[in-house]
Amino acid sequence: MMRRLFAALYDTVSKGSEEAGMREERRQHLAGAGGATIEIGAGTGLNLEHYPEAVTRLGRQAEIVDAPVEQLPFADGTFDTAVVTWVLCSVPDQSTALAEIARVLKPDGRLLFIEHVRSDDPKVAKRQDRIRPLYNLVGCNPNRDTLAAIEASPLRVESVEHGEVPKAPKVERPMIVGTARR
């Protein structure tokens, strides 16, 4: 119930952050997508308008496949690019999800990620820990060390930038933007 309500309100809730820079962050980051591309947890589709022409799909249409990230219904090595945006904070097991993403990527395929992370500021991190049960109602764990999970996966981190989600509550601000390769 709470997750459906959150999904219904997501675009409205995130509008301030999108207008204050996240839309441009998405556009710049997704410019690196190319070839056969899978977006995990596409949500309301905020990324769709930002994919470049280098992404191959019929016309400019996207196909929605309802499948858990832990069991993607695609053959090994299907995709050139995988995209996760605010997804790894919500999956039950990051290591299983990342292993499955790596499986469906072609050798040398790329993962593009924009993710919430645990704050480096101990005071904010403590607040993230305390508020996590409330965020769990909508499926989010803003206190995860997602970069460490990516580094521990079969993927090799190529680049990562630490930043903040503009106009977001302090516990949601810490983010990473980067690429990893299979």
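Rules of the game
- Within every chain, residues take consecutive numbers counted from 1 along the sequence as written.
- pLDDT decides what is reported in this predicted model: residues at 70 or higher carry local features, side-chain atom pairs at 80 or more are listed and counted, and totals for whole chains, interfaces and linings draw on all residues regardless.
- Hydrogens and water are ignored here; the side-chain numbers use all heavy atoms of the structure.
- Only runs of H or I of at least four residues qualify as helices and only runs of E of at least two qualify as strands under DSSP, and these elements are numbered from the N terminus.
- Just to be clear, the radius of gyration here is over C-alpha atoms, and the globule rule we use is 2.2 Å times residues to the power 0.38.
- Each residue gets one of three labels from its accessible area relative to the maximum for its type: buried under 20%, exposed over 50%, partly exposed in between, using a 1.4 Å probe on protein chains only.
- Contacts are residue-level and defined by heavy atoms, with any inter-residue pair within 4.5 Å sufficient.
- Accessible surface is estimated by sampling points in the Shrake-Rupley manner with a 1.4 Å probe; for residues, cover comes only from the protein chains shown.
- This count recognises Lys and Arg as positive and Asp and Glu as negative, with His and chain-terminal groups excluded.
- Throughout, a charge is located at the NZ atom of Lys, the CZ atom of Arg, the CG atom of Asp or the CD atom of Glu.
- Note on terminology: a nonpolar core comprises buried Ala, Val, Leu, Ile, Met, Phe, Trp, Tyr and Cys residues joined through side-chain atoms within 4.5 Å.
- DSSP-based pairing: two strands are paired if at least 2 bridges between them are found.
- Between the N-to-C directions of two axes lies an angle of 0 to 180 degrees, each axis being a line fitted to C-alpha atoms and, for a helix, fitted only over the stretch in contact.
- Both cavities and pockets are sets of points on a 1 Å grid over the protein atoms alone; in a cavity a 1.4 Å probe fits but cannot get out, in a pocket the set is open with protein on both sides within 12 Å along at least five of seven lines, and lining residues sit with an atom within 4 Å of a point.
- Grid points are joined across faces, edges and corners, and a volume is the space filled by probe spheres set on the points.
- Amino acids are sorted into nonpolar (Ala, Val, Leu, Ile, Met, Phe, Trp, Tyr, Cys and Pro), charged (Asp, Glu, Lys and Arg) and polar (every other residue, Gly among them).

**Focus: the overall build of the protein**
Inference 1: Across its full length, the protein carries four helices and six strands.
Inference 2: N-terminal to C-terminal, the α/β element order of the protein is α-β-β-β-α-β-α-α-β-β.
Inference 3: By the compact-globule yardstick of 16 Å for 182 residues, the protein fits well, its C-alpha radius of gyration being 16 Å.
Inference 4: In terms of principal-axis extent, the alpha carbons of the protein reach across some 45 × 35 × 30 Å.
Inference 5: A total of 182 residues make up the protein; the buried ones form 41% of that total.
Inference 6: Contacts in the protein between residues at least 24 apart in sequence constitute 72% of all its contacts with a sequence separation of at least 6.
Inference 7: Of the roughly 9900 Å² that the protein leaves accessible, carbon and sulfur atoms contribute 53%.
Inference 8: Charged side chains of the protein number 24 positive and 26 negative; the gap between the two group centres comes to 5 Å.

**Remarks on the nonpolar core**
Inference 1: Counting 25 residues, the largest nonpolar core has Ile40, Val84, Ile101 and Leu111 as the members making the most contacts within it.
Inference 2: Those elements that place two or more of their residues in this core are β1 (35-40), β3 (79-85), α2 (94-104), β4 (105-116), α4 (146-151) and β6 (174-181).
Inference 3: In contact with Leu111, other than residues within four places in its own chain, are Ala82, Val83, Val84, Leu98, Ile101, Leu105, Leu155, Gly178, Thr179 and Ala180.
Inference 4: Counting residues in hydrophobic clusters, the runner-up holds seven residues, among them Met22, Ile114, Ala168 and Met175.

**Considerations on the sheet that holds β4**
Inference 1: Pairing is mixed across the open sheet formed by six strands, whose spatial order is β2-β1-β3-β4-β6-β5. Of all strands in the sheet, those with a lone pairing partner are β2 (55-56) and β5 (156-164), marking the two edges.
Inference 2: Sheet topology note: the β4/β6 ladder contains seven bridges and is antiparallel. If you follow Arg110 over to β6, its bridge partner there is Arg181.
Inference 3: Strands β1, β3 and β4 of the sheet are contacted by α2, whose axis makes an angle of about 140° with β4.

**Re the environment of Ile64**
Inference 1: Along the chain, Ile64 turns up in the loop between β2 and β3.
Inference 2: In this structure the C-alpha to C-alpha distance between Ile64 and Pro92, which are 28 residues apart in sequence, comes to 21 Å.

**Side note on the layout of surface pockets**
Inference 1: Roughly 170 Å³ of internal volume is contained in the second largest pocket.
Inference 2: Among the elements of the structure, β5 and β6 are those that each provide at least two residues to the lining of the second largest pocket.
Inference 3: Top contributing element to the lining of the second largest pocket by residue count: β5, with three residues.
Inference 4: Taken together, the residues that form the lining of the second largest pocket break down as four nonpolar, three polar and six charged.

**Here we look at α2**
For an α-helix the count is 3.6 residues per turn, leaving residues at separations of three or four pointing the same way.
Inference 1: Taken together, the buried positions of α2 are occupied by Gln94, Ala97, Leu98, Glu100, Ile101, Ala102 and Val104.
Inference 2: Considering only its buried residues, α2 is in contact with β1, β3, β4 and α4.

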